[in-house]
Amino acid sequence: TPPMGNITLLVVMFVVVLFINLMKGGGAFPSPLGIKCGSTSFWAANFINLGWIFMISLMARSYLLNQYRLKESCGYKYVEGDIKWTPKA
């Protein structure tokens, strides 16, 4: 089973993305903050969303690389189908 911290991070990422999108509005759902499509606020919300997702992705990459280094340092034997999360992966 995955560590609870990983699940919590994934849920937090989803909630933040959902919140930003709800505040931005779209389609038949108007923005509660008055953000209009194509406005500076609209694009700022999109870039904040992308930055947030990119930051979480870097955290996940760092976690996977640390797990790989830990396994390598103790001579972990990989089985068929295991993914080796090397820096080049």
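## Description of the packing of aromatic side chains
Phase 1 of the analysis: The tally for this structure, following the rule as stated, stands at 3 aromatic pairs.
Phase 2 of the analysis: Their ring planes at 90° and their centres at 5.2 Å tell us that Phe42 and Trp43 sit as a pair that is edge-to-face.
Phase 3 of the analysis: With centroids separated by 5.0 Å and ring planes inclined at 85°, the aromatic side chains of Tyr76 and Tyr78 adopt a geometry described as edge-to-face.
Phase 4 of the analysis: Tyr76 sits in the partly exposed class, given a relative accessible area of 37%.
Phase 5 of the analysis: An aromatic cluster of three or more residues is present, and its members are Phe42, Trp43 and Phe47.
Phase 6 of the analysis: Sitting over the face of the ring of Tyr76, Lys71 holds its NZ or CZ atom 4.8 Å from the ring centroid.

## A short note on helix H2 (residues 40-73)
Because each turn of an α-helix spans 3.6 residues, side chains separated by three or four positions in sequence point in the same direction.
Phase 1 of the analysis: Over its 34 residues, H2 extends 49 Å from the first C-alpha to the last, a length consistent with the 50 Å expected when each residue adds 1.5 Å.
Phase 2 of the analysis: Those residues of H2 that fall on the buried side of the exposure criterion are Phe42, Ala45, Asn46, Asn49, Ile56, Leu65 and Tyr68.
Phase 3 of the analysis: Where the residues of H2 are buried, they touch helix H1 (4-24).
Phase 4 of the analysis: Just downstream of H2 lies Gly75, where phi reads positive at about 70°.

Definitions and limits used
- Residues numbered from 1 in each chain as written.
- Predicted model: local features only at pLDDT ≥ 70, side-chain atom pairs only at ≥ 80, totals over all residues.
- Heavy atoms only, no water.
- Phe/Tyr/Trp six-rings, centres within 6.5 Å; stacked < 30°, edge-to-face > 60°.
- Buried < 20%, exposed > 50% of the residue type's maximum accessible area, 1.4 Å probe, protein only.
- Lys NZ or Arg CZ within 6 Å of the ring centre and 35° of its normal.
- Helix = DSSP H or I, 4+ residues; strand = E, 2+ residues; numbered from the N terminus.
- Expected span 1.5 Å × (residues − 1).
- Contact = heavy atoms within 4.5 Å.

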